[in-house]
Amino acid sequence: MKAPIKVMVCGKGGTGKTAITVLASRILSERFKVYIVDSDESNILLPYFLGVEPPKPLIDYIGGKREEEEMERDLPSIVGALARAREGIRLNLLPREYIATSREGIGLVTIGKVREYGEGCACPFNILARVLLSGLVLEGDEIVLVDTDAGVEHIGRRLEEACDSLLIIVDPTIESLETALTLKNIAENLNKDSWTIANKVTEDIKEILLEEAAKLNLKVDGIVRFDRDLYLSCLKREPLKSSIAIDDLREIFGRIWRLV
Ligand SMILES: Nc1ncnc2c1ncn2[C@@H]1O[C@H](COP(=O)(O)OP(=O)(O)OP(=O)(O)O)[C@@H](O)[C@H]1O
Ligand SMILES: [Mg+2]
């Protein structure tokens, strides 16, 4: 893979985007400086899975959440707040409280979370995510993985445009295959690379899943098996434990990104 690169991890709700983002960051951190941008405005467990304290949300850094229209009007000042003069936006220059670093050296940046009932929509977070990713300047060995919210909400916000490629996660459900098709088409229209990974696959359903994907003309680039340790560590809110899924991902990334 040619670093630097911004990879958006996307797909239907619950397919394993967050788990795969964390495992992928561990694999990639052996060769690259990896950052995770958590752009999911509702789920809050990524820091636990990565084994870090939650960083302060970036929305606080730019003065808190505002109305969507106001933020759209204020884009230059948001970019100004995030960027260092002439250097563009660099994650390694953010104040320490906004970036948590794991044992493996993986940096985590969180955009913001909807916490209160009636707080309004997540659009301001999506705007900030887009501004951050579009303006981000990466060094030679840096990679950014973006963990997104479920489904296709980010499409409306054109977050895809700000990334270089899409890693689309499906699980053995027909809905997730349909969502993957939508995302794949978007990637194609934007001239971006995309790969589809089938996750939580058990031996008995593997062939059926591949048949259903083939019927939709959806190419599956890799299969990650159901991993009980991973499932249990998620359930217990612990740093992710995985041997099966991480092995499968290592093989997949080696192949699709020529990492080995
Ligand atoms: N390979 C796997 N084997 C077993 N369980 C898995 C695997 N991948 C993910 N899971 C489980 O699937 C559930 C959903 O995973 P995760 O939270 O990563 O999905 P998500 O796509 O990020 O969900 P959301 O759309 O809510 O953000 C979790 O319970 C996780 O433990
Ligand atoms: Mg998630």
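Structure shown above.
Basis of the calculations
- Residues numbered from 1 in each chain as written.
- Chains lettered and ligands numbered in written order.
- Predicted model: local features only at pLDDT ≥ 70, side-chain atom pairs only at ≥ 80, totals over all residues.
- Near = placed C-beta within 6 Å.
- Helix = DSSP H or I, 4+ residues; strand = E, 2+ residues; numbered from the N terminus.
- Nonpolar A, V, L, I, M, F, W, Y, C, P; charged D, E, K, R; others polar.
- Core = buried A, V, L, I, M, F, W, Y, C linked by C-beta atoms within 7 Å.
- Buried ≥ 20, exposed ≤ 12 C-beta atoms within 10 Å, placed from the backbone.
- Contact = placed C-beta atoms within 7 Å.
- Pairing = 2+ DSSP bridges.

**Q** Whenever I open this one, the site of ligand 1 confuses me. Can you help?
**A** Ligand 1 sits among 19 residues. The nearest are Gly16, Thr18, Ala19, Ala150 and Cys234. Of all the elements in the fold, those that place two or more residues in the shell around ligand 1 are α1 (17–28), β7 (193–201) and α10 (228–235). Of the residues belonging to the shell around ligand 1, the class tally is eight nonpolar, seven polar and four charged.

**Q** What is the right way to look at the nonpolar core in this model?
**A** Note on soluble globular proteins: their nonpolar side chains tend to be buried together. Judged by nonpolar contacts, the single largest core of 74 residues is most densely connected at Leu23, Val37, Leu128 and Leu249. Beyond its immediate chain neighbours, meaning those up to four positions away, Val37 contacts Val109, Ile111, Ala129, Leu132, Leu133, Val144 and Val146.

**Q** For this particular structure, what's the right way to read unusual backbone geometry?
**A** Working note: non-glycine residues mostly have negative phi, and peptide bonds are mostly trans. Even without being a glycine, Lys200 presents a positive backbone phi close to 60 degrees. Residue classification places Lys200 among the buried positions, given that 24 C-beta atoms sit within 10 Å. Despite not being glycine, Asn217 has its phi angle at roughly 65 degrees, a positive value. Assignment of secondary structure puts Asn217 in the loop between α9 (203–215) and β8 (222–225). Residue Asn217 is classed as exposed on the basis of its C-beta count, with 8 C-beta atoms lying within 10 Å.

**Q** Which parts of the structure should I look at to understand the pairing of β8?
**A** One face of the sheet, then the other: side chains in a regular strand alternate in exactly this way. Bridge count for β7 against β8 is three bridges, and the pairing is parallel. Bridged to Ala198 within β8 is Ile223.

In short, the description is geometric, and any link to function would need to be established separately.
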